[in-house]
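Each chain is listed here by its residues.
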Amino acid sequence: MSLKKRINEAATAAFVAAGLPEDTPTRLQWSARPEFGDMQINGVMGAAKQLKQNPRELAQKIVDQLDLEGLVTKAEIAGPGFINLHLENAAIVEESTKLLGDARLGLEFPETKECVVVDYSAPNLAKEMHVGHLRSTIIGDAVCRALEFKGHKVVRQNHIGDWGTQFGMLITELQQTHSQEELDAGISLSDLEGFYRKSKQHFDADPVFADLARTNVVKLQSGDPECRKLWKQFIDESLSHAEDIYQKLGVLLTKADVHGESAYNEDLKPVIAALVEAGIAVEDQGALVVYLDELADKEGNPSVVIVQKADGGFLYATTDLAAIRYRVNQLHATRCLYFIDARQSLHMKQIFVIGRKTGWVPANVEFEHCAFGTMMGEDGRPFKTRSGETIKLADLLDEAIERAQAVVAKKNPNLDKETQLEIGRAIGVGAVKYADLSKVRTNDYRFSWEAMLSFEGNTAPYLQYAGTRIHSLFEKAGEDLSSFSGAIQIDQPEERALALSIQRFSEVVDQMVDSTMPHELCTYLYDLSGKFATFYEACPVLKPDIEPQIRESRLALSALTSKTLASGLSLLGIQSLERM
RNA sequence: GCAUCUGUAGCUCAGCUGGAUAGAGCACCUGGCUUCGAACCAGGUGGUCGGGGGUUCGAAUCCCUCCAGGUGCGCCA
């Protein structure tokens, strides 16, 4: 159990002993300022208010009951009723030593293991992946990693857009640009984006083409073998492009995680039938719609969802409902996360409400829309090229990598070319991912090459750099970083601050697993790296006049920092480096 | 019109379920490399937390209202 949890248990016990109900929040937190000690209990004032007691007197009663022998040197009452705690160095040492030998760095396994279905990335396969897919892919992936590390079962779902009217257009384009022999042999498209553009142009300009396209949609959806074959080829081709991107990004999605819109085709009619039978969907102007009083506005107008078009066609609401059933019934989800653009908030709410109304979603299964904002360019408007086109993800990553490689070549010209390129990749990709992950995901975020690759402040390179310094330290010391263990002692304030920062890792991961907000981990890792930089500056390790036990202790603290940093980065899907 | 999100230092952003004197980075200024990696560190300048009310021991945080901006809103996904 972590230091904080142990102290919190003691605080709760003292609350109870002082006559407070067991569920009174202690509001134990790390102190905002050093003069307030290491931790502070803030819950006394609130409790005193409820019981109409004098907060300082209540605080005194609690302090009298507080049994923190061996953990805390003093507990003092301050201000209107804060209790400030000063931790015992020995306790910090003991806890740090434990963490050094613990691969999970203090993170406990969950009381109940959940099955978390995570919907993320979900590119539309009609087009090439662009920057709009980046946030879902990166943030979703990081949350999956954290959930798995915590010990939950994670089922990734790449809900790709592989079904819909535009595929009729694409199939027709394929037929017109490829001979039958080529089509039989299997297609290869180097420029998916251009291919889509051309087919769209033909569709708009050529009525004959457009008719063929519409016919092909119908044929495709009714299972025509030739259309299905071409469609399948196009999907495979398009998917392999996406997989190249995943590979480059270091994202864990594979083909096995793909479960696209087309997979729900068979269940669309049953979904509609069930909605109608339950009286939830009703006819309106030829279409089938669902009215939701649960989402009515202030005047009482219900929210409306169309689940089937007047022409009998289905919409993405229908597909999403089928996906809900699949995730609950087939995947046995206990928690479902959707990493989808914030602009779809209303849609997601509607789908979830319908899932509850129909009883498809049991009360004990959670559904959460993990929304994120739009990626903006440096001008504060949606991120586009100068000519107004969306930016391909492949191009964005290539540019990031090139820029990073240039910096590596400049900063560290001694490295051989191959290593420079390798490191540049890790830094460039890491910088792009971290820039995104480190912002609160629900807000729009401004993409800036300058801020991202200046490598200063709260950036991936800063964290990676901290890691390389530790590797370098161990190399110089002639010790093995990964297996190092040594007695820790705490004398200097910088050592103490570093050790305390390390204690927080497990609670931050817990917090991130709960909130699905990776920026919380980023903020923490940046703080940790900063604490290390300060320590590294103030506390020499290998200098000749350093006593052996100090050297050992500082090496141990460094090794522990390295472990924590590397674990944190890996949860974010960012590579740690030994040199850069 | 309705719904929803946002407004914090010149810029980019944190601020956890209300907690003490609102924090970082960039930029700017002052220091620190003949020995552990200076892609770094120490320090400084800089804020009516959009405006106004309210709730209370205490508000950037909760409630109301106004202002400004973004996004969404029945047959695309």
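The structure displayed is predicted, hence computed values, not measured ones.

Within chain A, the secondary structure is distributed over 21 helices and 13 strands. A total of 580 residues make up chain A; the buried ones form 52% of that total. Only carbon and sulfur atoms are counted for the fraction: they give 49% of the accessible area of chain A, which is about 26,800 Å². Positive and negative side-chain charges of chain A, numbering 62 and 83 respectively, have mean locations separated by a distance of 3 Å.

Assignment of secondary structure puts Arg343 in the loop between β10 (335-338) and α13 (345-357). For the pair Arg343 and Met45, spaced 298 residues apart in sequence, the C-alpha to C-alpha distance is 41 Å.

Here we come to a nonpolar patch on the surface. A surface patch of nonpolar side chains, amounting to about 220 Å² of accessible area, comprises Val282, Tyr291 and Val304. When you line up the elements, Val304 lands in strand β9 (residues 303-308).

Taken together, four strands build an open sheet; the order of strands is β6-β5-β10-β11 and the sheet is parallel. At either end of the open sheet lies a strand with only one pairing partner, and these are β6 (153-157) and β11 (366-369). Across this sheet, the average inter-strand angle for adjacent strands is 15°, counted without regard to direction. Bridge count for β10 against β11 is four bridges, and the pairing is parallel. Of the residues in β11, the one forming a bridge with Cys336 is Phe367. Its contacts with the sheet put helix α5 (residues 134-150) on β5 (115-119), β6 and β10, and the angle it makes with β6 is roughly 160°.

Helix-helix packing is characterised by the crossing angle of the two axes and by the distance between the axes. For the pair α5 and helix α19 (residues 505-515), interaxial distance at closest approach is 9 Å and the crossing angle is 120°. On the basis of their axis angle, the class for α5 and α19 is oblique. Taken as a pair, α5 and α19 cross one another with a handedness that is left-handed. Residues Ala142, Val143, Ala146, Leu147, Phe149 and Lys150 of α5 form the contact with α19, whose participating residues are Phe505, Asp510, Met512 and Val513. Across the contact of α5 with α19, the residue classes tally to eight nonpolar, no polar and two charged.

A few words now on the layout of surface pockets. The volume enclosed by the second largest pocket comes to roughly 380 Å³. For the second largest pocket, the lining is made up of 14 residues, of which Ser31, Pro34, Gly37, Asp38 and Leu500 are closest to its centre. Those elements that provide at least two residues to the lining of the second largest pocket are α18 (493-503) and α20 (518-538). For the lining of the second largest pocket, the element with the highest residue contribution is α18, accounting for four residues. The residue makeup of the lining of the second largest pocket, split by class, is five nonpolar, three polar and six charged.

On to empty space enclosed by the protein, then. Overall, the coordinates contain one cavity of 30 Å³ or more when judged by the stated rule. Reported here for the largest cavity is a volume of approximately 30 Å³. Ser2, Leu3, Glu95, Leu99, Leu105, Gly106, Gln503 and Ser506 are the residues that line the largest cavity. For the lining of the largest cavity, a count of residues per class yields three nonpolar, four polar and one charged.

For the rest of this paragraph, the subject is helix α12 (residues 316-330). For α12, which comprises 15 residues, the first-to-last C-alpha distance of 20 Å matches the rise-based estimate of 21 Å (1.5 Å per residue) to within 8%. Of all 15 residues in α12, eleven are buried, a share of seventy percent or more. At the exit of α12 stands His332, carrying a positive phi of roughly 60°.

Bringing the pairing of β10 into the picture now. The side chains of a regular strand alternate, residue by residue, between the two faces of the sheet. Burial of the side chains of β10 extends over both faces: Arg335 and Leu337 are buried on one face and Cys336 and Tyr338 on the other. Of the crossover connections in this fold, the one passing from β10 over α13 to the parallel β11 is right-handed.

Model confidence for chain A is summarised by a mean pLDDT of 93, while 100% of its residues fall at 70 or above. Confidence estimates for the predicted assembly give a pTM of 0.95 and an ipTM of 0.96.

With that settled, the discussion passes to the protein's contact with RNA strand B. RNA strand B sits among 61 residues. The nearest are Arg33, Asn84, Glu261, Ile306 and Tyr536. Considering the 4 Å shell around the protein, atoms of RNA strand B inside it are sugar or phosphate in 58% of instances. One of the side-chain N or O atoms of Lys49 is found 3.3 Å from a base oxygen in RNA strand B. A distance of 2.4 Å separates a base nitrogen of RNA strand B from a polar atom in the backbone of Tyr536. For the surface near RNA strand B, the secondary structure elements donating two or more residues are α2 (43-51), β4 (82-87), β9, α14 (393-411), α17 (460-477) and α20. For the surface near RNA strand B, the class distribution of residues is 26 nonpolar, 13 polar and 22 charged.

What follows deals with the nonpolar core. Counting residues in hydrophobic clusters, the biggest one holds 125 residues, and the most contacted among them are Leu85 and Leu396. Listed in part, the 35 residues of the second largest apolar core include Ala281, Ala323, Leu331 and Val365.

Attention shifts here to the pairing of β5. For β5, a buried count of five out of five residues is recorded, marking the element as mostly surrounded by other parts of the structure. In this sheet, β6 lies alongside β5 in parallel orientation, the contact comprising five bridges. Bridge pairing links Cys115 to Lys153 in β6. Remark: the β5/α5/β6 crossover connection has right-handed handedness. Here β5 pairs with β10 via four bridges, running parallel. Paired with Val118 across the strands is Leu337, a residue of β10.

Quick notes on the rules
Residues numbered from 1 in each chain as written. Chains lettered and ligands numbered in written order. Predicted model: local features only at pLDDT ≥ 70, side-chain atom pairs only at ≥ 80, totals over all residues. Heavy atoms only, no water. Helix = DSSP H or I, 4+ residues; strand = E, 2+ residues; numbered from the N terminus. Buried < 20%, exposed > 50% of the residue type's maximum accessible area, 1.4 Å probe, protein only. Areas by Shrake-Rupley, 256 points an atom, 1.4 Å probe, with all protein chains shown as cover. Lys, Arg positive; Asp, Glu negative; His and termini not counted. Charge placed at Lys NZ, Arg CZ, Asp CG, Glu CD. Patch = residues over 30% accessible without salt bridge, like charges linked within 9 Å, V, L, I, M, F, W, Y side chains within 5 Å. Salt bridge = Lys/Arg side-chain N within 4 Å of Asp/Glu carboxyl O. Pairing = 2+ DSSP bridges. Axes fitted to C-alpha atoms, helices over the stretch in contact; angles between N-to-C directions. Contact = heavy atoms within 4.5 Å. Parallel < 35°, antiparallel > 145°, perpendicular 65-115°, else oblique. Left-handed = near helix turned anticlockwise from the far one by under 90°. Nonpolar A, V, L, I, M, F, W, Y, C, P; charged D, E, K, R; others polar. 1 Å grid on protein atoms, 1.4 Å probe; cavity = no way out; pocket = protein on both sides within 12 Å on 5 of 7 lines; lining within 4 Å. Points joined across faces, edges and corners; volume = space filled by probe spheres on them. Expected span 1.5 Å × (residues − 1). Right-handed = clockwise from strand over helix to strand, strands pointing away. pLDDT = per-residue confidence, 0-100. Near = heavy atom within 4 Å. Polar contact = N/O pair within 3.5 Å; in protein donor to acceptor, adjacent residues only side chain to side chain. Core = buried A, V, L, I, M, F, W, Y, C linked by side-chain atoms within 4.5 Å.

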